[in-house]
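Here is what each chain is made of, one letter per residue.
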Amino acid sequence: MTWLVWRQHRAQVAWAAGALAVFAAAIAITGVHMADLYGAAVRDDGSAGPRLLDHLFDGYGAIIDTVHLTLLLPVVLGAFVAAPLIAREADLATDALVWTQSVTRRRWLAAKLAAVVGGCVALAAGVSALVTWWSGTPNALGGDRFHGAQFDTQNLTPVAFTLFAVALGLAAGAALRRTLPAVVATVVGYVAVRMAVGIFVRPHWLAPLHRTGGAGPDARLRSGSWLVKSDLLDPSGHAVGVRLAVPRSCARVSAQAIDGCMTRAGFRTVITYHPPGHYWPMQLAESGLFVALAAGLLAFAVVRTLRAEP
Amino acid sequence: MTAADATVAIEADGLGKRYRRGWAVEDCSFRLPAGRVCGLVGANGAGKSTLIRMLAGLARPTAGRAAVDGRAPDGNDPEFLRSVGYLAQDVPLYPRWTARAHLALGAALNPAWDQDLARDRLDLLGIPLDQRVEQLSGGMRAQVALAVAIGKRPRVLLLDEPVAALDPLARREFLASLAVLMAGHDLTVLLSSHLLPDLERICDHLVVLVEGRAVLADDVDEIIRTHKLVRGPESARRALARRHRVVDDDSAGPVASAVVRLQGPEPDPACELHDLSLEDIVLAYLAGARAARTVPDLALAGAGEGR
Amino acid sequence: MIPLRLDSGSGVPPYLQVAEQVRHFIVSGVLAPGDQLPTVKEVVATLAINPNTVFKGYRELEREGLVEGRPGAGTFVLRRPDGPRPGDLASLGRALDRWVAQARAAGVDDRAIEAMVRAALRAGGDEAEAIA
């Protein structure tokens, strides 16, 4: 089976190795540079606030975007490596060929799964390690590892997402037995689940904290927190909708003083947030969910394939 | 060599496979002695493919049991997989792989792989080893697939309409190479087709499948010997049905005319007996089964097992 | 290469057809005592017929003592069959021509003639043909 797995996946391995090498080089070079830049800026300016260093990494847009693009790695692996694994054999009818050689169907499936699941998870782990290391500097600068693309591409979650996407691809391939539908189903399913979990579940892994403050832009949160949402309450305690009725007393106040005026008028801002200490528990919780989903999907794919009748 | 072997290469006992739309194979029973080339013949949709896939371990029977080379077909039994070769109807190959790569696949997945056997076959037939198989003709692709199927030296070879899509010359060459293979090796072949003339040449055993049932299963020589066209007076018709098996009755009016499988003393001497070709006999079985469905009061023995 | 043919519509089992044709070649001298019969592989490669058919046909001839199979070497012609003397064959042939002419003159068509000949052969035939 080693020969067969290698022969069928050697092109994919070559592409992945090449891309990984290029990516790693770019990460290493820019990461070191950015760390140096940041370190120098901090020394020069004493206590460097985020505002001073806002434009420190302006020239690094390309690599920053590339790192954010690793958000797509799970779905790419799931749709283009995992989904065709079983579906293409069914498409070409070559499953009738390989399942009537001297290798049992179980052994065939085990070897294939071990290689693809193992390979994809290893790749995701490698990319995540690179991104996490590289992100040390931007995280220190922006304190933003807890939200959005950063949460999805550093530490544990990208590996769990990849495992989920791969399992989803295998399940789609096993169920649909045609490559194109399986690819589409994998992409659609992955996006749907990730969005649903991200929007409805993620804020609630741990109970978020609340803080009330004066009317105005985000209160000062510790670096590394995740601001889930911010609501402006009117003096009676109701959340203000789209149309803000500025009280007459503040109608002709200058832009700089409007916040103070609103606060004195009784407006409050309530923020919902997760402190930095919630980061790791939530990484574990969300990763755990996706690993559990992956396990279920893998089990389905295995059973379905072992019972298939080409 | 192997014509009188006592061992049974393929055995089906009440085999059945049910899909949502109905039974594709139903109560199918026959035994194929080893060393035969057995033709599996029947109309399209008669259940030939389903039967072969069950024998190859690719489909699970809904009812009954089967044994190939003494083992129940099971895709997870390495001994079974080693001794049974299978070639599917659409001749599946990896389109962008060369013939050489397919042989390497055979070598990698089969411990008992005979590379010389497979390689020599392709060389003798002039099949290029280093071209993508999608660029080869249908006949060449069938030969490549056959080389992979026999390279592991199976004891039983199951071929599902391997020549259906080939032109007549390619068909003849495929069957000839199959015959040469038989001559040199201890092998039993089950070969399904709806093209009877091909089967007549190379098969020494025949199974006729009608609507999922084996209505005839016997050595070709026996079939030819025992099936006759009987013509005679009306009174002979009842006598016929009593003592022999009437396969297809196409009597018209006062003259009885039927294809009969003789299984007793000769019928009424007033009857004429005519020899029949294998094709005529098979057609009689196919027609007789259809008639049995539509005109139940004809004096026909039921379509049961073939033995 | 000795040309062999198979007539699938004749009702005669293929192995007997093979035996008959080879016997004919021996009788007519194409194959002389000591000559090797075509190997099974040669025959099936050309005819695409079952090897067992050829085996059985050769065994039939072996049974009649006309050929001998030598393991590993092939099958060889032993002797010409005890047949009719050439003169007998010729006069029988002429008698047959006359009978056929008579039958045709009486309005019997060729197919009916064939059927009559077959029936006559069967009536006098050997026990292997009897339906037990």
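What you see is a predicted model, and the numbers here were worked out from it, not measured in a lab. (Residues numbered from 1 in each chain as written. Chains lettered and ligands numbered in written order. Predicted model: local features only at pLDDT ≥ 70, side-chain atom pairs only at ≥ 80, totals over all residues. Heavy atoms only, no water.)

A. Spotlight on the confidence of the model for chain C. Residues and elements named next belong to chain C. Residue-level pLDDT values for chain C average 82, and 86% of them are 70 or greater. Model confidence for chain C, summarised as mean pLDDT per element, is weakest for helix H4 (residues 86-105) at 84 and strongest for helix H3 (residues 51-63) at 90. Confidence metrics for the complex model read pTM 0.82 and ipTM 0.84. (pLDDT = per-residue confidence, 0-100. Helix = DSSP H or I, 4+ residues; strand = E, 2+ residues; numbered from the N terminus.)

B. Spatial organisation of the nonpolar core. In this structure, Leu-170 of chain A together with Ile-10 and Leu-158 of chain B are the most contacted members of the largest nonpolar core, which totals 163 residues. Counting residues per element, this core draws most heavily on helix H5 (residues 105-142) of chain A, which supplies twelve residues. Setting aside residues no more than four positions away along its own chain, Leu-158 of chain B makes contact with Ile-10, Ile-52, Leu-55, Ala-56, Val-84, Gly-85, Tyr-86, Leu-87 and Leu-190 of chain B. One finds Val-75, Ala-160, Leu-168 and Phe-290 of chain A within the second-largest nonpolar core, a separate group that totals nine residues. (Core = buried A, V, L, I, M, F, W, Y, C linked by side-chain atoms within 4.5 Å. Buried < 20%, exposed > 50% of the residue type's maximum accessible area, 1.4 Å probe, protein only. Contact = heavy atoms within 4.5 Å.)

C. The arrangement of the side chain of Glu-60 of chain C in detail. By the secondary structure assignment, Glu-60 of chain C is in helix H3. What Glu-60 of chain C contacts, discounting residues up to four positions off in sequence, is Tyr-15, Leu-16 and Ala-19 of chain C.

D. Fine view of the packing of aromatic side chains. Evaluated as defined, the whole model comprises eleven aromatic pairs over all chains. Joined through ring pairs, the aromatic side chains of Phe-146, Phe-151, Trp-226, Tyr-279 and Trp-280 of chain A make up one cluster. Against the face of Phe-76 of chain C rests Arg-70 of chain C, its NZ or CZ located 4.1 Å from the ring centre. (Phe/Tyr/Trp six-rings, centres within 6.5 Å; stacked < 30°, edge-to-face > 60°. Lys NZ or Arg CZ within 6 Å of the ring centre and 35° of its normal.)

E. Local environment of the environment of Asp-77 of chain B. The residue Asp-77 of chain B is located in the loop between strand E4 (63-68) and helix H2 (78-83) in this model. Taking the C-alpha atoms as reference points, Asp-77 of chain B and Leu-187 of chain B, 110 residues apart in sequence, are found 20 Å from one another. Not counting residues within four places of it along the chain, the set of residues in contact with Asp-77 of chain B comprises Thr-104 of chain A together with Arg-71 of chain B.

F. Here's a closer look at the pairing of strand E9 (residues 213-219) of chain B. Residue and element names in this part refer to chain B. Of all seven residues that make up E9, five are buried, and the element is covered over most of its length. In this sheet, E9 lies alongside strand E8 (residues 205-210) in antiparallel orientation, the contact comprising six bridges. Considered in E9, the bridge of Val-210 is made with Arg-213. Between E8 and E9, which follow one another and run antiparallel, lie two residues, and Glu-211 among them has a positive phi close to 50°. (Pairing = 2+ DSSP bridges.)

G. Quick peek at the packing of helix H3 (residues 73-92) of chain A against helix H7 (residues 157-176) of chain A. Residue and element names in this part refer to chain A. At a minimum axis distance of 7 Å, the contact between H3 and H7 shows a crossing angle of 30°. Relative to H7, H3 is oriented roughly parallel. The chirality of how H3 crosses H7 is right-handed. Of the residues in H7, those touching H3 at Pro-74, Val-75, Leu-77, Gly-78, Ala-82, Ala-83, Leu-85, Ile-86 and Ala-87 are Pro-158, Phe-161, Thr-162, Ala-165, Val-166, Gly-169, Leu-170, Gly-173 and Ala-174. (Axes fitted to C-alpha atoms, helices over the stretch in contact; angles between N-to-C directions. Parallel < 35°, antiparallel > 145°, perpendicular 65-115°, else oblique. Left-handed = near helix turned anticlockwise from the far one by under 90°.)

H. A look at the interface of chain B and chain A. Contact residues are listed per partner, giving 33 residues for chain B and 25 residues for chain A. Taken together, both faces of the contact between chain B and chain A bury some 2,500 Å²; the carbon and sulfur share is 59%. Together, Leu-58, Tyr-94 and Leu-109 of chain B form the three largest contributors to the area buried by chain B at its contact with chain A, with a combined 27%. The interface formed by chain B and chain A holds two salt bridges in total. Where Glu-309 of chain A meets Lys-17 of chain B, a salt bridge forms, and the shortest distance between an N and an O atom there is 3.0 Å. The set of elements that each furnish at least two residues to the side of chain B that touches chain A consists of strand E1 (8-19), H2, strand E5 (84-87) and helix H3 (99-109) of chain B. At six residues, H3 of chain B tops the list of elements feeding residues into the side of chain B that touches chain A. (Buried area = accessible area lost by both parts, 1.4 Å probe. Salt bridge = Lys/Arg side-chain N within 4 Å of Asp/Glu carboxyl O.)

I. Representation of the side chain of Arg-202 of chain A within the structure. All names here are of chain A. Tracing the sequence through the fold places Arg-202 in the loop between helix H8 (179-201) and strand E1 (209-214). In terms of polar contacts, Arg-202 uses its side chain to reach the side chain of Asp-152, at 2.6 Å. Side-chain polar atoms of Arg-202 contact the side chain of Glu-286, separated by 2.8 Å. Beyond its immediate chain neighbours, meaning those up to four positions away, Arg-202 contacts Gly-148, Phe-151, Asp-152, Phe-161, Arg-194, Val-197, Trp-226, Met-282 and Glu-286. (Polar contact = N/O pair within 3.5 Å; in protein donor to acceptor, adjacent residues only side chain to side chain.)

J. Highlighting the pattern of salt bridges. The tally for this structure, following the rule as stated, stands at 28 salt bridges over all chains. Notably, a salt bridge pairs Asp-130 of chain B with Arg-100 of chain B, separated by 2.7 Å at the nearest N-O pair. Taken as a pair, Asp-130 of chain B in the loop between helix H4 (115-125) and helix H5 (138-150) and Arg-100 of chain B in helix H3 lie far apart in primary sequence, 30 residues in all. Since its relative accessible area comes to 53%, Asp-130 of chain B is described here as exposed. Salt-bridge contacts for Glu-64 of chain C lead to Arg-23 of chain C; the nearest nitrogen and oxygen are separated by 2.6 Å. Of this pair, Glu-64 of chain C sits in the loop between H3 and strand E1 (67-70) while Arg-23 of chain C sits in helix H1 (residues 14-27); the two residues are 41 residues apart in sequence, bridging distant segments of the chain. Here Glu-64 of chain C falls in the partly exposed class, since its relative accessible area comes to 30%. For Arg-23 of chain C, a relative accessible area of 23% corresponds to the partly exposed category.

K. How the structure looks around the sheet that holds E1 of chain B. Residues and elements named next belong to chain B. In spatial order, the strands read E2-E1-E4; together these three strands make up an open sheet with antiparallel pairing. Every interior strand has two partners, whereas the edge strands, strand E2 (22-33) and E4, have only one. Along the sheet, successive strands turn relative to each other by an average axial angle of 20°, direction set aside. With eight bridges joining them, E1 and E2 adopt antiparallel strand pairing. In the strand pairing of E2, Ile-10 is matched with Leu-32. Packed on one face of the sheet, helix H1 (residues 48-55) meets E1, E2 and E4 and runs near 120° to E1.

L. Up close: the sheet that holds strand E3 (residues 268-274) of chain A. Residues and elements named next belong to chain A. Pairing is antiparallel across the open sheet formed by three strands, whose spatial order is E1-E3-E2. Pairing within the sheet leaves two strands with one partner each, and these edge strands are E1 and strand E2 (226-233). Along the sheet, successive strands turn relative to each other by an average axial angle of 25°, direction set aside. Relative to E3, E1 runs antiparallel, the two being bridged by six bridges. Pairing of His-210 across the sheet is with Thr-272, part of E3.

M. Up close: the environment of Phe-80 of chain B. Residues and elements named next belong to chain B. Structurally, Phe-80 can be placed in helix H2. With 101 residues separating them along the chain, Phe-80 and Leu-181 place their C-alpha atoms 21 Å apart. Those residues in contact with Phe-80, other than ones at most four positions away along the chain, are Leu-55, Ala-56, Gly-57, Val-68, Arg-71, Ala-72, Pro-73 and Asp-74.

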